[in-house]
Each structure stands twice: as structure tokens, then as C-alpha cells.
Amino acid sequence: MKNNIGSNTKLILLHPYIQKQGSSNRLLWVLAFISFFTLAFLLTLIYTRESITSYTSVAAVSSITGSTNPPLSNAVVRALTHYASNSNNTEHMSYTDIKQISDVLRQCQQPCNLLVFGLTHETLLWKALNHNGRTVFIDENRYYAAYIEEKYPGIEAYDVQYTTKLSEMKELIAAAKEQARNECKPVQNLLFSECKLGLNDLPNQFYEVNWDVILVDGPRGYWPEAPGRMSAIFTAGVLARSKKSGNPKTHVFVHDFNQKVDRITSEEFLCKENLVKSKHMLGHFVIGRMDPNSYHFCRNHI
């Protein structure tokens, strides 16, 4: 019996020893677990600080250079221009006309503000060529503008309701010239204008942008009831003359310049003395910032 009791006693003595070993192992696991997460926390903290420092450096460089992306190479520009002008679409712009606009965009000080009247076959091309700047499109068809924005999220497009008719060109031009000291001044914020040729229903911030390049390639204007491009051309002239900062000169291109209505309206509001080049179907004007007290669009109107 004693021996049995003795061996039972040994067994009882060994049991707490095993418990101690288990507690010691758990303690080691807890310490290892805490150490692991401490190390992970330190590594995360270091990585975060480095990321913030790196982001700050990039932001600082970007603010100095005015751009986060390098300009497109000559080879890329040539390729884009080539394929855009050789499309099967019958309404595409010619290579010569595209190249004139492309050359100006490449020389435009970054970030360049490009305004385009009309959503056309070249829409994605203009966006790509001005990839470091802001490109805004204005179109008469609200459904097509919404479709383009949905299909190509990088496109910024607005729809506008034109109230003009091609058949009314002479009357509209005459009325604008008569109101050159009031509603149709060459220098003004069109947001507050009641000029029949001025577009005043676009977002407020649109009128605060200093546009560097403007392309008039819309709206439609091939039959008497069509809206014509009188409003687009007039608005382009006012926006160019009303710039508040940046480059004092604005390049204005009018596509289909060979059309009588577009040519006459351009000569009235963009002015012959500002015409730099007229080749094929494109008219190229360079318009300077004008004094707010001016009431004449062209020198021959004085």
C-alpha cells in the first residue's frame, strides 16, 4: 500500500510540473506573438513615412514643373495624327489640318487649356494630344455628350442649346455689332450676357478658364434651319479677348473655313488682321487679350 501510495504521490508531483511547462510554452508564444506584431507595426510605420515623403517630393516637383507626365514624343504624335487622318470615316479631318492644330498644342505652355466646339471623329485625338492639360468639349446633342462621357470617362463634355439658325446669320451679326457697347461687348463674362450670339448656359467655372487653344468644329451648319457656327465663333472671340492671366494670346481654329457662313462670321468676330493661316478647310487665328473698355472686335470696325 505504501509503495502504491508512494508511486501515486510521484505521479501527483509530476502533474503540476507538466502544467508549468505548458504555461511556460504559452508565455513564449505570447511573447513571440507580441514581438511579431511590434515588428510589423514598426515596418508599417517606416513604410508609411517613406511613402509620405516620396509623395510629397513628387508633389513638389509636379508643382514646379506644372505637370506629372512628360510630353508626348514626336513619334507618338505623328502616329496619332497619321491614323486619325487615315480613318475610313468620311467626316474625318485631313492630315494637313490636324497637323496645324497638333503643332500648336505641342508648343502650348503646360498645362494647356483646350476648348473644342463639337464632338467629332477627332475627339479622342485632341484629348490625347493635350494629355497634360485640360480639354473640354461642347456639343449640341445632350444624349451624345452623355454617351461619350460614359464610354470614355476621361472626356469632359457639356451640351449647349443653340438658339440660332443659319438662315439668320446676317441679322444676328448686325445685331451683335449694334450691341458691341452693351450686351455683345468683345470683352466680358458671357455668363451674365444676354447677347443672342453669346453662349451663357454653361457651368459657371467654364467662364473663369483662360483658354489657350479653341477649336470650332461644331455645331452643324449645312442647311437653313441648322444652328450654324455663328455663336461658337462669337463666343470663341470673346473668350480669347477676355483672358485674365496666362499667355495673352489665344489660338482659335475654325474648321470648314471654306464655308461662306463660317468665313464671314470669323472675319467679323475673329478679324482678318488676326488670321495667321488659311489652308484647306482650316482657318487659324491668333487673338490677343484686349482692354476691358474696348468696344470693337476688329481694327476696321473703329
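To be clear, the structure that these remarks concern was listed above.
Not measured: the values here are computed from a predicted model.

Reading the values: the criteria
Residues numbered from 1 in each chain as written. Predicted model: local features only at pLDDT ≥ 70, side-chain atom pairs only at ≥ 80, totals over all residues. Heavy atoms only, no water. Core = buried A, V, L, I, M, F, W, Y, C linked by side-chain atoms within 4.5 Å. Buried < 20%, exposed > 50% of the residue type's maximum accessible area, 1.4 Å probe, protein only. Helix = DSSP H or I, 4+ residues; strand = E, 2+ residues; numbered from the N terminus. Contact = heavy atoms within 4.5 Å. 1 Å grid on protein atoms, 1.4 Å probe; cavity = no way out; pocket = protein on both sides within 12 Å on 5 of 7 lines; lining within 4 Å. Points joined across faces, edges and corners; volume = space filled by probe spheres on them. Pairing = 2+ DSSP bridges. Axes fitted to C-alpha atoms, helices over the stretch in contact; angles between N-to-C directions. Nonpolar A, V, L, I, M, F, W, Y, C, P; charged D, E, K, R; others polar.

A closer look at the nonpolar core
Alright, step 1. Core analysis: the largest hydrophobic core is formed by 42 residues, its most contacted members being Leu-115, Phe-117 and Phe-234.
Alright, step 2. Among the elements of the structure, β1 (113–117), β2 (134–139), α6 (169–178), β4 (213–216), α7 (230–241), β5 (249–255), α8 (260–271) and β7 (282–288) are those that each provide at least two residues to this core.
Alright, step 3. Considering each element in turn, this core owes the most residues, eight residues, to α7.
Alright, step 4. Excluding anything up to four places from it in sequence, Phe-234 contacts Ala-176, Cys-184, Leu-190, Cys-195, Leu-197, Gly-198, Phe-269 and Phe-297.
Alright, step 5. Core analysis: the second largest hydrophobic core is formed by 24 residues, Cys-112, Leu-114, Leu-119 and Ile-148 among them.

Comments concerning empty space enclosed by the protein
Alright, step 1. For the coordinates displayed, the defined rule picks out one cavity of 30 Å³ or more.
Alright, step 2. Within this model, the largest cavity holds a volume of roughly 50 Å³.
Alright, step 3. Taken together, Leu-166, Pro-219, Arg-220, Gly-221, Tyr-222, Arg-229, Asp-256, Gln-259 and Asp-262 form the lining of the largest cavity.

Let's talk about the sheet that holds β1
Alright, step 1. Spatial ordering of the open sheet is given by β3-β2-β1-β4-β5-β7-β6, a layout of seven strands whose pairing is mixed. Every other strand in the sheet has two partners, leaving β3 (156–159) and β6 (275–279) as the edge strands with one partner each. Between one strand axis and the next, the sheet turns by 15° as a mean value, whatever way the strands run.
Alright, step 2. Bridging between β1 and β2 involves five bridges; their strand directions are parallel. From the neighbouring strand, Phe-117 faces β2, where its bridge partner is Ile-138.
Alright, step 3. Relative to the sheet, α8 contacts β5, β6 and β7, its axis offset from that of β5 by approximately 170°.

A short note on the layout of surface pockets
Alright, step 1. Roughly 490 Å³ of volume is contained in the largest pocket.
Alright, step 2. Glu-91, Thr-120, Asp-217, Tyr-222 and Arg-229 are the residues nearest the centre of the largest pocket, which is lined by 25 residues in total.
Alright, step 3. Partitioned by chemical class, the residues of the lining of the largest pocket number eight nonpolar, nine polar and eight charged.
Alright, step 4. Taken as a whole, the second largest pocket encloses approximately 270 Å³ of empty space.
Alright, step 5. Along the walls of the second largest pocket sit 16 residues, with Cys-108, Gln-109, Asp-212, Lys-243 and Asn-247 positioned nearest its centre.
Alright, step 6. Breaking the lining of the second largest pocket down by element, the ones donating at least two residues are α3 (95–107) and β5.
Alright, step 7. When grouped by side-chain class, the residues that make up the lining of the second largest pocket number four nonpolar, nine polar and three charged.

By themselves, these are just geometric observations and shouldn't be taken as functional.
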